[in-house]
Amino acid sequence: MSIRHGLLALLERGPRYGSQLRTEFESRTGSTWPLNVGQVYTTLARLERDGLVAPDGEDAAGHTLYAITAPGRAELHAWYERPVDRTNPPRDELAIKLAMAVGAPGVDIRAVIQSQRHATLKAMQDYTRLKARALAAIESGQARERDDVAWLLVLEQLIFQTEAEARWLDHSEARLVRLAALAAADTGATAGTAPAAPAADGPTPPRPAATGPTTGTTGTAARTRRG
């Protein structure tokens, strides 16, 4: 999350002081990434050091105002035009957790996946409810429509992100089931035994799940998107 460029974007609309920047940043993003005042002023100090902002007097209450400079405006618009760099993806706690859980003694990785799936789908439902409120605010023509539109975009990104996470969890579980089946087959072959063939008139054993989203979760995600 580029706090640096987010503050520059707000300062392009006019001089502001630290607490005001924090409030406007959280309003624009729906408090998804909350800031503290110390973080804001630390970032402002670095922006001032780099010549991207400059003090611009005080307001009536004695707050020090900051204004964006010409180099700061150039940096901001270069940021808008520059694609987000994916060569060094941010650390993802869930991916690290599953990677460490694979083969860990005493850990039921499928239980870990199922627990996370429940939390992910709940988050998706919560985001969808918030999206409905944001849409209602926009359609009502409230004065802060720009912030509502910005919050709507953030919410939809979160919804798409949780949908992708749910699909990845389904895929991971199916992958583990498939690998476990292969490992069991290899163990049986090493021991010199072959899996028993199904009876001619009996039901065919189920095949391991394919490596893709399961019907249940996919259906939930689809219903969420339609909602």
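Description of the structure in this document. (Residues numbered from 1 in each chain as written. Predicted model: local features only at pLDDT ≥ 70, side-chain atom pairs only at ≥ 80, totals over all residues. Heavy atoms only, no water.)

1. Brief notes about the overall build of the chain
Piece 1. Scanning the chain from N- to C-terminus turns up eight helices and two strands.
Piece 2. From first element to last, N terminus to C terminus, the chain shows the α and β order α-α-α-β-β-α-α-α-α-α.
Piece 3. Relative to its full complement of 227 residues, the chain shows a buried share of 30%.
Piece 4. Partitioning the intrachain contacts of the chain with sequence separation of at least 6 by distance along the chain shows that 61% fall at a separation of at least 24.
Piece 5. For the chain, the computed accessible surface area is about 14400 Å², with 56% contributed by carbon and sulfur atoms. (Helix = DSSP H or I, 4+ residues; strand = E, 2+ residues; numbered from the N terminus. Buried < 20%, exposed > 50% of the residue type's maximum accessible area, 1.4 Å probe, protein only. Contact = heavy atoms within 4.5 Å. Areas by Shrake-Rupley, 256 points an atom, 1.4 Å probe, with all protein chains shown as cover.)

2. Observations regarding helix α5 (residues 93–101)
In an α-helix, one full turn covers 3.6 residues, which means residues spaced three or four apart are oriented alike.
Piece 1. Regarding α5, the residues found buried are L94, L98 and A101. An end-on view of α5 places all buried positions within 65° of arc, on one side of the element. Residues E93, A99 and M100 are exposed on α5 and point more than 90 degrees away from its buried face.
Piece 2. One side-chain oxygen at the N-terminal end of α5 lies 3.0 Å from the backbone nitrogen of L94; it belongs to D92.
Piece 3. Remark: G103 follows α5 within two positions and exhibits a positive phi of approximately 75°. (Arc of directions from axis to C-beta. Polar contact = N/O pair within 3.5 Å; in protein donor to acceptor, adjacent residues only side chain to side chain.)

3. Observations concerning the side chain of R16
Piece 1. Residue position: R16 is located in the loop between α1 (3–11) and α2 (18–29).
Piece 2. At a separation of 2.8 Å, a polar atom in the side chain of R16 contacts the side chain of E24.
Piece 3. For R16, the residues in contact, after removing those within four places along its chain, are L10, L11, L21, E24, T64, L65 and Y66.

4. A closer look at the side chain of T128
Piece 1. Tracing the sequence through the fold places T128 in helix α6 (residues 109–139).
Piece 2. Using a relative accessible area of 14% as the deciding quantity, one classes T128 as buried.
Piece 3. In terms of polar contacts, T128 uses its side chain to reach the backbone carbonyl oxygen of M124, at 2.8 Å.

5. Quick look at the pairing of strand β1 (residues 53–58)
Piece 1. Alignment of β1 against strand β2 (residues 64–68), held across four bridges, turns out to be antiparallel. When the sheet's bridge partners are listed, P55 is paired in β2 with Y66.
Piece 2. Joining the antiparallel neighbours β1 and β2 is a turn of five residues, in which G62 adopts a positive phi near 90°. (Pairing = 2+ DSSP bridges.)

6. Overview of the pattern of salt bridges
Side-chain pairing between opposite charges can occur once the charged atoms of the two side chains come close.
Piece 1. Taken as a whole and judged by the stated rule, the model has 11 salt bridges.
Piece 2. Here R110 makes a salt bridge to E173, at a shortest N to O gap of 3.3 Å. Separated by 63 residues along the polypeptide, R110 in helix α6 and E173 in helix α7 (residues 145–190) bring together distant segments of the chain.
Piece 3. We classify R110 as partly exposed; its relative accessible area is 39%.
Piece 4. The class for E173 is buried, based on a relative accessible area of 9%. (Salt bridge = Lys/Arg side-chain N within 4 Å of Asp/Glu carboxyl O.)

7. Thoughts on the packing of α1 against α2
Geometrically, a packed helix pair is captured by the angle between its two axes and the distance between the axes.
Piece 1. In the contact formed by α1 and α2, the axes pass within 10 Å of each other and the chain directions differ by 100°. Of the possible angle classes, the one that applies to α1 and α2 is roughly perpendicular. Mapping the contact onto sequence places I3, G6, L7, L10 and L11 in α1 and L21, E24, F25 and R28 in α2.
Piece 2. Partitioning the contact of α1 with α2 into residue classes produces six nonpolar, one polar and two charged. (Axes fitted to C-alpha atoms, helices over the stretch in contact; angles between N-to-C directions. Parallel < 35°, antiparallel > 145°, perpendicular 65-115°, else oblique. Nonpolar A, V, L, I, M, F, W, Y, C, P; charged D, E, K, R; others polar.)

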